[in-house]
Amino acid sequence: MDRIGKYEIEEPLLETSFSDIYIARQPDGDGYLAVKVFHPKGSNVGEEAKYGEAFWRARFVEEAKIMARFDHPNLVHAVDVGETEAGEPYVVMPFLEANLLYEIGEDADTPEEIEKLPKHWRPRPVSPRRAVEVWRQMLAGLAALHDAGLVHRDIKPPNVLLDSKQRGNVKLCDFGMVKVPDAKGSRSGIWVGTLEYMSPEQRKSAKEVDVRSDVYSAGVVMYRMLSGRLPVKGRAPMRAGRFGIPQRLADLVEACMMPRRRDRPKHAGEALEKLDEIIPDLRGLSDKSRIPLRAASVKVITATD
């Protein structure tokens, strides 16, 4: 494929279950864009597919509308939308060269799994200062979605894009599974989210979740950044001294990950307000992590409300 609409394609970037993403030149030749084209694959198409192509097309179009709706510094924005010559919808967005995995590595359960990963992709923590810097921006982007009545439902490190591989600014992406009030592309029984970052109530029903489920996922991402691993079943609460953070911040992260959603902050904006009360600036936080590398593991929880 040489061109999509007015955009000259440079090279393929990524394939997902529902789309193909390409790197394209800006029409004026100054810089690059990412073009995401609707293209469902595998079990999502054909007679064996649980949901038809029309359903996933509606979700893709809804995602493009959400991206075009927001112009927030911590949310990926749609530069353009359109259809290919074959009639497939596409959305154009800024090209961002990294995501949070570049800083914290991939999740892995055991030392054996970690050993199999290339060194750069092994799980590791970031410094308290960087963790707060990223989390603050994540919560700001989520707060904008929550203020609009939207629930992201898939907050995880790969969906935290960075505009640079060196301490880049955060832009949340992947709004394909956002819970939109009264949206056509919404059905019960669809598995939405990523297990390791998913709230207890979302494991039961993605349709019935509210913004506090995103708060839970954001808490898991923060724990992952500080510790270099996922929170484990039966773990002790965060110890502020071990992580090099104020106790009030440790308590806030724990509150975001409470199994019962009524015990969490009501929305991302409330969590952000509490964070800024605890840490008005970053000067008092260390730029070095205290935590050695450890194997990641999955937290198994069942309480919901």
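Below you will find a few notes about this structure. (Residues numbered from 1 in each chain as written. Predicted model: local features only at pLDDT ≥ 70, side-chain atom pairs only at ≥ 80, totals over all residues. Heavy atoms only, no water.)

So, the packing of helix α4 (residues 128-147) against helix α9 (residues 268-278)
Our working rule: Note on method: axes are straight lines fitted to C-alpha atoms, helices fitted across the in-contact stretch only, with angles between N-to-C directions ranging 0 to 180 degrees. Put simply, DSSP marks the helices as runs of H or I at least four residues long and the strands as runs of E at least two long, and each gets a number from the N terminus on. In this scheme, a crossing is called left-handed if the near helix is turned counterclockwise away from the far one by less than a right angle; it is called right-handed if the turn is clockwise. Only heavy atoms matter for contacts: two residues are in contact if any of them lie within 4.5 Å across the pair. Any residue that is not Ala, Val, Leu, Ile, Met, Phe, Trp, Tyr, Cys, Pro, Asp, Glu, Lys or Arg is counted as polar, Gly included; the first ten are nonpolar and the last four charged.
In the contact formed by α4 and α9, the axes pass within 7 Å of each other and the chain directions differ by 145°. Here the hand of the crossing between α4 and α9 comes out left-handed. Contacts between α4 and α9 pair Val 132, Trp 135, Arg 136, Leu 139, Ala 140, Leu 142, Ala 143 and His 146 from the former with Ala 268, Gly 269, Ala 271, Leu 272, Leu 275 and Asp 276 from the latter. Along the lines of polarity and charge, the residues of the contact of α4 with α9 split into 10 nonpolar, 2 polar and 2 charged.

Brief notes about the pairing of strand β5 (residues 80-83)
Along any regular strand, the residues point their side chains to alternate faces of the sheet. Applicable threshold: When DSSP locates at least two bridges between a pair of strands, those strands are taken to pair.
Here β5 runs beside strand β6 (residues 89-94); their pairing, made up of 4 bridges, is antiparallel. What sits directly across from Glu 83, in β6, is Pro 89. Hairpin remark: β5 followed by β6, antiparallel, with 5 residues in the connecting loop; positive phi at Gly 87, about 90°.

Details of the nonpolar core
Selection criterion: Within this scheme, the nonpolar core is defined by two criteria: the residues are buried Ala, Val, Leu, Ile, Met, Phe, Trp, Tyr or Cys, and they are joined through side-chain atoms within 4.5 Å. Think of it in three bands: residues with accessible area under 20% of the maximum for their type are buried, residues over 50% are exposed, and the middle band is partly exposed, with areas taken using a 1.4 Å probe on protein chains only.
Counting residues in each nonpolar core, the largest one holds 73 residues, and the members touching the most others are Trp 135, Met 138, Met 222, Met 225 and Leu 249. Looking at this core element by element, the count peaks at 11 residues for α4. Sequence-distant contacts of Met 225, that is, excluding residues within four places in its chain, are made with Leu 100, Ile 104, Pro 125, Val 126, Ala 131, Val 134 and Trp 135. Core analysis: the next-biggest nonpolar cluster, separate from the first, contains 10 residues, Ile 4, Tyr 22, Leu 33 and Val 35 among them.

Examining the sheet that holds strand β7 (residues 98-99)
The antiparallel open sheet is built from 3 strands, whose spatial order is β7-β8-β9. Each edge of the sheet is formed by a strand with only one pairing partner; in this case those strands are β7 and β9 (170-172). Strands β8 (160-162) and β9 of the sheet are contacted by α4, whose axis makes an angle of about 35° with β9.

Quick look at the packing of helix α6 (residues 211-227) against helix α8 (residues 247-256)
Put simply, the rule is: Each angle gets one of four labels, with under 35 degrees taken as roughly parallel, over 145 as roughly antiparallel, 65 to 115 as roughly perpendicular, and the rest as oblique.
The N-to-C vectors of α6 and α8 enclose an angle of 135°; their axes lie 7 Å apart at closest approach. Between α6 and α8, the crossing angle belongs to the class labelled oblique. Each of Val 215, Tyr 216, Gly 219, Met 222 and Tyr 223 in α6 lies in contact with α8, whose residues at this interface are Leu 249, Val 253 and Cys 256. Looking at side-chain class alone, the contact of α6 with α8 contains 7 nonpolar, 1 polar and no charged residues.

Section: the sheet that holds strand β3 (residues 19-25)
Note: strands within a sheet are paired through backbone hydrogen bonds, in either parallel or antiparallel orientation. Strand order in this open sheet of 6 strands is β1-β2-β3-β4-β6-β5, and the pairing throughout is antiparallel. Two strands lie at the open edges of the sheet, namely β1 (3-4) and β5, each paired on one side alone. As defined by bridge partners, strand β4 (residues 32-38) adjoins β6 across 5 bridges and the pair is classed as antiparallel. What sits directly across from Val 35, in β6, is Val 92. Those strands touched by helix α1 (residues 53-69) are β3, β4, β5 and β6, and its axis lies near 30° from that of β6.

What about the packing of aromatic side chains?
Each aromatic ring pair is specified by the distance between its two centres and by the angle formed by the two planes. We apply this condition: Each Phe, Tyr or Trp ring (for Trp, its six-membered ring) is paired with any other whose centre lies within 6.5 Å, and the angle between the two planes then decides the class: stacked below 30 degrees, edge-to-face above 60, tilted in between. Charge over a ring is defined by NZ of Lys or CZ of Arg lying within 6 Å of the ring centre and within 35 degrees of the ring normal.
Under the counting rule described, the total for this entry stands at 5 aromatic pairs. Across from the ring centre of Phe 243, 5.2 Å away, lies the NZ or CZ of Arg 242, which sits over that ring.

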